[in-house]
Structure formats: structure tokens, C-alpha cells
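# Understanding the architecture of this molecule
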Amino acid sequence: MFRKWGAQFRQLHPKPFQGVVSRLQLEGLSIGRLVTNCTVEIVGEKPRDSLAFGLVLHQQDSSHFAHGTPLNTNCLFGFDPQREANLVSSAAGLSVVLVEVNKSLLQLFANQLGHHELDDAFFRQNIVTAWPTHIDAYSSYLRQVIFLMDHHPQILQSPDLLRLIQGDLLPLLCNALSQPQQAPRPLRRAEIVAQAQDYMIANLHRPMTLAELSIAVHASRRSLIYGFQDIFGMGPMAYLKQQRLNGVRQALLAADPEHATVANIAHAWGFYSLGHFAHEYRCLFSEAPSATLRHTT
């Protein structure tokens, strides 16, 4: 599901990464589940020909953000097709269900149920906070589907059951979206953080200081530090280092081990002390960069 979207996963805190991705495909509708055991950032393009959105199933704290907006288990997020996917999980990990539905199919169900307000303008708000009683029925049904995906996948081979799931889930979704509560607001410093991220991504391969970053985004160092700490649980320079380490990892995985070297790739991403780099890489990804290059994991 994520590969189809072109989304990228970036691990942010040192921990042996464990993740589960599962998906159920129905006609005009797909249900995917993502579970991780540590902090990840997910960014990238969303499909343009359908609506794609998520729901956090389990949340031990409030440290889940979409575009700098704190999420809770009543939030359906990611609707706006003009905005890239942007999700940051908490340090405890992530458990999220992602649904992708054909726009015409959802519109058909919405019209049949009298929810004519669920149009393109409605979904440009990107995040919808539903009434707890409405979202509970939707999330409960999703949990039942996930249970079948995990424990009785053979049952889901039945075309009749798949049609039943589609016919049950979409009305529950339409009902959850109707009469939404006031949507949560982005954190006060979220716009500054987003500008800083854009500047970092554009300059990942060269040295950068906090002073330079502060000048580039016209914000104080204090605002940058607090903003990144609120959303990512780390300061801006630590976040920049994690982005570079993730960039190295992707480059190592894509490289030909017969011709590429860890040193050359690390240098290209701004790491010049190989001993220090190897230590930080192993701490974050629980393996040596040479093992990644050999694709032995």
C-alpha cells in the first residue's frame, strides 16, 4: 500500500525496528494496517485518483502528528489529495489503519445516506475529528476486519464476505464523517518546523548549523528547538542527523556492493568521521552499515 503511494519510512530513534504491514483489497476499497515498535516519520505522495486516509487505533500518549497537528483516536486524517502524506508516530510506536477508497464509490454511498456534504470541498480539510460515538462504530468494525486478516485470512477469500465488508464499512465511515467536531489545530510552531524541514531536505548533503537554520526560516533558535521537541521528541540538529542516516541507509540498500563503499556513501551524506558514523548508524538501525551494503539483513 505504502509502496504504491511512494511514501518513505524514516526511523527516528535508536531501536531494533519491527514493523508489520498487512492489506486487504476489495473492489474500489483497500484496508491496510501498519504497526511499528518505535518512532517513525512517514512522508511522500498519496494516490491522486482516490481518497486515502488513516486512523490511529492505539495511542498511549498524544505524540502522533499529521502536518504538525496532534492526532487522537477520534481523528481521521490525510484526506486532502493535494497534500503529501505526513505522519509522525510516538516513541512507543504506531498502530494505524489506512483506508483507500475510490472517490466515486464513497460519493455513491454518501449520497444514498443523505450525506451530500461529503464532497471535494469537505475533504480538503485533511483532518476530521469525529464524535466518539460515531467513530467508535467505525473503528470497532475495522478491528474486526483486522482480526480476520491476522487470524482467519482464508475467510476473506469469500467474494460474498468482501462485498459485505464493503457494504458495512462505507456507511459507518460516512456516518463518522457527518457532523464532525471542530478539527484540532496545528501546534503553534508547526509552520516553523515544516519550513525548517524543507530547508534541511534541500541541503541534506552539506554541513549546517542551528544558526544557519534559524536565519533561513526567520525563527529563533529557541522556537526551532521547542517545535522539533514537541513533534519529533528531539532537537532540530538531532533530527537532521537522523534524516542523513536514513538517507545513507537508502543509498546503501540501493547500491551495488561490488562497486560501492560505505566510506564513499557516508561522505556523500556529510559524514566524514567513519568511526563516529558507524557507531551512530549501528545505534539507530541495530546493524553495521557494511551489513546493509551487503544486503545481509
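Residues numbered from 1 in each chain as written. Predicted model: local features only at pLDDT ≥ 70, side-chain atom pairs only at ≥ 80, totals over all residues. Heavy atoms only, no water.

## Here we look at the pairing of strand β10 (residues 94-102)
Counted residue by residue, β10 has eight buried out of nine residues, so it is predominantly covered. Here strand β3 (residues 29-36) runs beside β10; their pairing, made up of eight bridges, is antiparallel. Within β10, the position partnered with G32 by the bridge is L98. Here strand β5 (residues 50-56) pairs with β10 via seven bridges, running antiparallel. What sits directly across from L51, in β10, is V101. (Buried < 20%, exposed > 50% of the residue type's maximum accessible area, 1.4 Å probe, protein only. Helix = DSSP H or I, 4+ residues; strand = E, 2+ residues; numbered from the N terminus. Pairing = 2+ DSSP bridges.)

## Topic: the environment of Q182
The residue Q182 is located in the loop between α5 (159-177) and α6 (190-202) in this model. Separated by 53 residues in the primary sequence, Q182 and T129 place their C-alpha atoms 6.6 Å from one another.

## What to know about the packing of aromatic side chains
Geometrically, a pair of aromatic rings is defined through the distance of the ring centres and the angle of the planes. Applying the stated criterion across every chain yields a total of nine aromatic pairs. Geometrically, the ring pair formed by F122 and F123 is edge-to-face, given 5.1 Å between the ring centres and 85° between the ring planes. Like F123, F122 is buried. Through a chain of ring-to-ring contacts, three or more aromatic side chains come together here, namely F53, F79, F122 and F123. (Phe/Tyr/Trp six-rings, centres within 6.5 Å; stacked < 30°, edge-to-face > 60°.)

## Considerations on the nonpolar core
The biggest cluster of nonpolar side chains holds 39 residues, and the ones touching the most others in it are F53, L76, Y138 and L177. Looking at this core, the elements that each hand over two or more residues are β2 (19-26), β3, β5, β10, α2 (103-112), α3 (120-123), α4 (132-151) and α5. What L177 contacts, discounting residues up to four positions off in sequence, is L76, F79, L118, F122, F123 and V128. Grouped together as the second largest cluster of nonpolar side chains are 34 residues, M200, L204, F228 and I265 included. (Core = buried A, V, L, I, M, F, W, Y, C linked by side-chain atoms within 4.5 Å. Contact = heavy atoms within 4.5 Å.)

## Re the pattern of salt bridges
A full pass over the atoms with the stated rule returns five salt bridges. The shortest N-O distance in the salt bridge between D160 and R163 comes to 2.3 Å. With a gap of three residues between them, D160 and R163 both fall in helix α5, about one helical turn apart. D160 sits in the exposed class, given a relative accessible area of 54%. According to the relative accessible area criterion, R163 is exposed, its value standing at 53%. Two residues, E212 and R206, come together in a salt bridge whose shortest N-O distance is 2.3 Å. (Salt bridge = Lys/Arg side-chain N within 4 Å of Asp/Glu carboxyl O.)

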